[in-house]
Amino acid sequence: MPASRRPASRPIVAVTVVAAALAAGSLTTTASAHAASGTPAQASRTASHSAPSSSAAQLTCAINDTSGCLNNTATSTFTTTTSPADADGSGDSFNAADLTRTAGWQSGRTVTIDGATITLPKFGTGTHDNMLASGQTLTLPGSGVVNTGDAVVFLAFATGAAAKGATGTITYAKNNCLNPDGDPTNQDYGLDTVPDWLSGPSSAASITLAHENHSDNTQTSPSPGPKVYAISVPLVCPGSAVSSISLPQFTSGVQAGQPALHILGLGIRPTTATGSGSSAQHWVGTWASVQDTDKVLLSNGSTAAVNSQTLRIPAHVSIGTDSGSGARIHLSNAMGATPVTFHAASVALQDTTAAGATAAAPPVALTFDGSPSVTIPAGGDATSDPVTLTLQQQATLLVSLQVRGEAPAMPGHSVARTPVWVSDHANRTGDTAAAHYTQTTYTGLPYLSGIDVTTSTSNPTGSLVLYGDQSVNGDTASDDGRHHLSDAITNALVNDPGGDSSVDYGVLNAGTDSNSRLPQITNSPNPVNASNPQDRDVLVQGNVRTVLVSTGAADLLNCAGDANTCATDVENGLASLKTRLNSYYTDDSQIYINQQPVTQNSNITVYLATIPPFTAAHPGTAAQEAARAQVNTYLLDNYPGESIDFAAAVSTDGTATSSTVKPADLSDGNPSDAYYVDLAGRYVNDADSGTLIHPPN
């Protein structure tokens with residue numbers, strides 16, 4: 001690594017775990033933190049709820065067979081006589097067919113959500129099918145399930161109102177998690193807010209269903225429909241074996257109008273290290289695309305569809321493979337309403353002379369758990385098995401996916417600025433030539449969500465995730481798939497006079513054109529857990545060490561209040577988002593005492609970017625412009641060494657409060673390729689100059 005990019009010591013957080021006061025029906029967690037960021041850590045969190053009965057708190061089961069912990073029936077079969085169920089104390093329930101037949105969540109089978117494999121209960125049988133959180137203990141067997149990782153993912157929903165401040169305990173296996181003094185410890189965790197199944201935000205849901213069943217044998221179709229959410233909590237000892245997880249003591253029953261916390265299942269998201277000994281591999285993200293629409297569109301605004309055709313998608317990667325030459329892909333159906341099956345998939349380097357859909361060599365077939373095909377239910381995701389493929393930095397990888405049967409609507413990334421090719425009605429994943437492919441008029445990019453490559457197991461490389469709105473996504477840049485902010489940063493690293501022409505870490509684009517990327521603050525302003533879209537867009541990425549957040553413009557443009565109110569809302573949202581992401585740990589930073597892991601780990605570093613001036617295509621009012629200037633002043637004053645002045649990089653006078661973008665960075669009133677080049681230059685200059693406290697590595 002060039003000297004100019006050598007990282008400073010990373011921030012260390014020491015977590016001191018305090019025993020839960022379960023007998024009193026409350027639990028208190030105290031965390032002390034030391035971070036060079038200068039951002040105060042949350043000193044303490046306390047949440048109290050009515051304690052459930054002692055018998056409910058004694059329920060124990062295995063994480064992959066929760067039948068012994070189920071104590072509520074929330075799904076029913078809608079027929080002439082609806083099977084009994086009561087999710088909310090009023091006799092209302094999910095329609096089982098919406099889960100099993102429409103969404104593909106099969107009873108008693110597993111589903112992978114946000115990278116974690118979760119065993120589902122049986123739905124619509126009239127028996128218990130979820131866990132009202134009342135202190136149950138879920139054990140993790142030593143084999144047959146994932147018991148090490150970087151986060152626990154809960155599939156949950158609330159009824160009666162949002163469930164807030166729920167807390168529980170994670171117990172590590174013997175000698176698998178020590179405190180800084182070298183003594184064994186466990187971890188208290190919190191679920192800050194689990195949204196209500198009906199009134200909660202659809203944007204954060206893992207799945208939204210069409211129907212609600214009622215105890216009087218009627219069925220309605222509320223808009224939006226009942227929802228299930230995925231919420232993750234960070235593991236303070238990533239990679240250490242977990243022996244059990246105790247659910248929050250939140251409720252012992254359902255009562256109309258009273259919050260109740262339901263959990264369908266939970267699982268541990270694996271770290272990016274796989275295998276052991278000579279088969280050990282460490283993975284890092286090199287390319288990403290976030291799913292933000294349930295229908296990829298054509299340029300004329302109609303919905304794109306395929307029928308037993310093969311998609312060929314180009315991905316302009318950042319970092320290349322190491323000597324292990326390993327590659328794998330991630331597929332997502334996160335925004336889908338129905339399952340999707342891929343009959344076959346492959347990867348190949350693009351032919352640099354012919355370009356387009358032409359591969360440089362015969363594609364390498366992909367498998368999923370050893371099978372050439374994979375079915376991904378609605379809301380789910382899948383990761384391919386590794387293949388051997390030498391990939392150079394900034395190469396273009398062609399990913400080919402044959403969709404089985406008809407897909408009348410394809411979820412994906414809505415404004416990708418990337419060409420996509422589609423074949424005739426056949427499996428063309430093995431084709432080298434482009435003869436059977438035609439370039440589409442898709443404005444979005446379906447299904448493909450990420451690419452990982454192998455990195456050194458002894459000195460692994462991390463990734464930088466760019467999270468935000470149009471400033472990250474490059475919605476108005478050239479449409480060749482090579483002019484997003486991630487591409488501009490990769491180019492800037494290669495051309496950096498202080499560098500060695502290498503891309504030192506993965507640069508991943510998690511940008512979108514959605515209206516808001518800021519989290520809703522419904523309980524604590526500083527939660528230490530994450531929900532979607534932050535979890536699936538950022539925290540699932542391969543070995544993420546750094547996140548650059550650039551968002552807030554759309555929130556200001558949508559705000560009709562006075563300048564101070566608009567600015568304060570965005571400031572609070574950015575601060576809360578930073579806290580959420582900062583509370584997670586990098587996969588490869590475990591510290592050891594006497595060869596045992598301890599709870600001192602490097603937190604993910606988070607940078608906040610100032611908001612560039614509004615453009616002629618999206619002008620703001622005087623109040624909105626004043627709010628933007630206030631937000632930028634707040635960021636620069638409160639996050640020294642953790643803020644990047646994107647506004648100054650593209651503004652007319654080079655300041656954070658200038659109200660106009662320099663003409664050279666605009667085309668027809670929108671940001672041009674030069675705009676993103678200037679943003680990238682500001683980021684790399686700040687990393688080189690030592691302005692940033694913890695430069696990416």
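As a reminder, the structure under discussion sits directly above these lines.
Caption draft 1: Broad picture of the sheet that holds strand 5 (residues 75-76). Read across the sheet, four strands follow the order 5-6-15-16 without closing on themselves; strand pairing throughout is mixed. In this open sheet, the two edge strands, each paired with only one partner strand, are strand 5 and strand 16 (219-220).

Caption draft 2: Representation of the pairing of strand 7 (residues 110-113) in the model. The two faces of strand 7 differ: Val111 and Ile113 on one face are buried, but Thr110 and Thr112 on the other face are not. Pairing geometry for strand 7 and strand 8 (residues 116-119), over four bridges, is antiparallel. Opposite isoleucine 113, over in strand 8, you have alanine 116 as the bridge partner. The turn joining strand 7 and strand 8, which pair antiparallel and follow one another in sequence, is formed by two residues; a positive phi near 50° is taken by aspartate 114.

Caption draft 3: Highlighting the packing of helix 7 (residues 563-582) against helix 8 (residues 622-638). Relative orientation of the contacting elements helix 7 and helix 8 amounts to 40°, with a least axis distance of 8 Å. One way to sum up the angle between helix 7 and helix 8 is to call them oblique. Relative to helix 8, helix 7 is oriented so that their crossing is right-handed. Side by side, helix 7 and helix 8 meet where Ala563, Asn564, Cys566, Ala567, Thr568, Val570, Glu571, Leu574 and Ala575 of the first sit next to Ala623, Ala626, Ala627, Gln630, Val631, Tyr634 and Leu635 of the second. A class-by-class count of the residues in the contact of helix 7 with helix 8 yields 12 nonpolar, three polar and one charged.

Caption draft 4: Main features of the packing of aromatic side chains. Tallied over the entire structure, the rule returns seven aromatic pairs. Between the aromatic rings of phenylalanine 154 and tyrosine 189, the centroid separation amounts to 5.5 Å while the plane-to-plane angle is 35°, which identifies the pairing as tilted. Residue phenylalanine 154 is located in strand 11 (residues 151-159), and its partner tyrosine 189 is located in strand 13 (residues 187-194); the two are separated by 35 residues in the primary sequence. Plain terms: the ring middles of tyrosine 675 and tyrosine 676 are 5.2 Å apart, the flat faces sit at 70° to each other, and that makes the pair edge-to-face. Of the residues examined, tyrosine 675 reaches a relative accessible area of 4% and is grouped as buried.

Caption draft 5: View of the sheet that holds strand 12 (residues 163-172). With mixed pairing, five strands are arranged side by side in an open sheet as 4-10-18-12-13. Of all strands in the sheet, those with a lone pairing partner are strand 4 (60-62) and strand 13, marking the two edges. Strand after strand, the sheet turns through a mean of 25° between neighbouring axes, direction not considered. Across three bridges, strand 10 (residues 137-139) lies against strand 18 (residues 242-246) in antiparallel orientation.

Caption draft 6: Seen up close, the environment of aspartate 114. Topologically, aspartate 114 is positioned in the loop between strand 7 and strand 8. Taking the relative accessible area as the measure of exposure, aspartate 114 reaches 4% and is therefore buried. For the pair formed by aspartate 114 and serine 232, sequence separation is 118 residues and the distance between their alpha carbons is 8.8 Å. Those residues in contact with aspartate 114 that sit more than four places away from it in its chain are Val153, Ala230, Arg269, Asp381, Asn532, Asp535, Arg536 and Val540.

Caption draft 7: Spotlight on unusual backbone geometry. Here serine 223 and proline 224 are connected by a cis peptide whose omega angle stands at -5°. By secondary structure assignment, the location of proline 224 is in the loop between strand 16 and strand 17 (227-234). Here the bond from asparagine 532 into proline 533 is cis, since omega is 10°, no more than 30 degrees from zero. Within the element layout of this structure, proline 533 appears in the loop between strand 39 (530-531) and helix 5 (534-539). The backbone of alanine 161 shows a phi angle near 155°, a positive value even though the residue is not glycine. Positive phi, normally seen in glycine, also occurs at asparagine 217, with a value near 65°.

Caption draft 8: Here's a closer look at helix 4 (residues 485-494). Of all 10 residues in helix 4, nine are buried; the element is thus mostly enclosed. Where helix 4 is buried, its residues touch strand 23 (310-316), strand 37 (463-468), helix 3 (470-473), strand 38 (506-511), helix 9 (646-650) and helix 10 (673-689).

Rules used throughout
Once a new chain begins, its residue numbering starts again from 1 and follows that chain's sequence as written. In keeping with the model being predicted, local features are shown solely for residues with a pLDDT of at least 70 and side-chain atom pairs are shown and tallied solely at 80 or more, while totals for entire chains, interfaces and linings include all residues. With hydrogens and water excluded, all non-hydrogen atoms of the structure serve as input to the side-chain values. Only strands that DSSP links by at least two bridges are regarded as paired with each other. Labels follow the DSSP assignment, with helices taken as runs of H or I lasting at least four residues and strands as runs of E lasting at least two, numbered in each case from the N terminus. For each residue, the accessible area found with a 1.4 Å probe, counting protein chains only, is set against the maximum for its type, and the residue is called buried under 20%, exposed over 50%, and partly exposed in between. Every axis corresponds to a line fitted to the C-alpha atoms, with the helix fit spanning only the stretch in contact, and the corresponding angles, defined between N-to-C directions, vary from 0 to 180 degrees. Note that the term roughly parallel is reserved for angles under 35 degrees, roughly antiparallel for angles over 145, roughly perpendicular for angles of 65 to 115, and oblique for everything else. Crossing handedness: left-handed means the near helix sits turned counterclockwise from the far one by under a right angle, and right-handed means the same turn made clockwise. Any pair of residues with heavy atoms lying within 4.5 Å of one another is described as a contacting pair. Following the grouping adopted for this structure description, the nonpolar residues are Ala, Val, Leu, Ile, Met, Phe, Trp, Tyr, Cys and Pro, the charged ones are Asp, Glu, Lys and Arg, and the polar ones are all others, Gly among them. In this scheme Phe, Tyr and Trp rings, the latter by its six-membered ring, pair at centre separations within 6.5 Å, and the angle between planes marks the pair as stacked below 30 degrees, edge-to-face above 60, and tilted otherwise.

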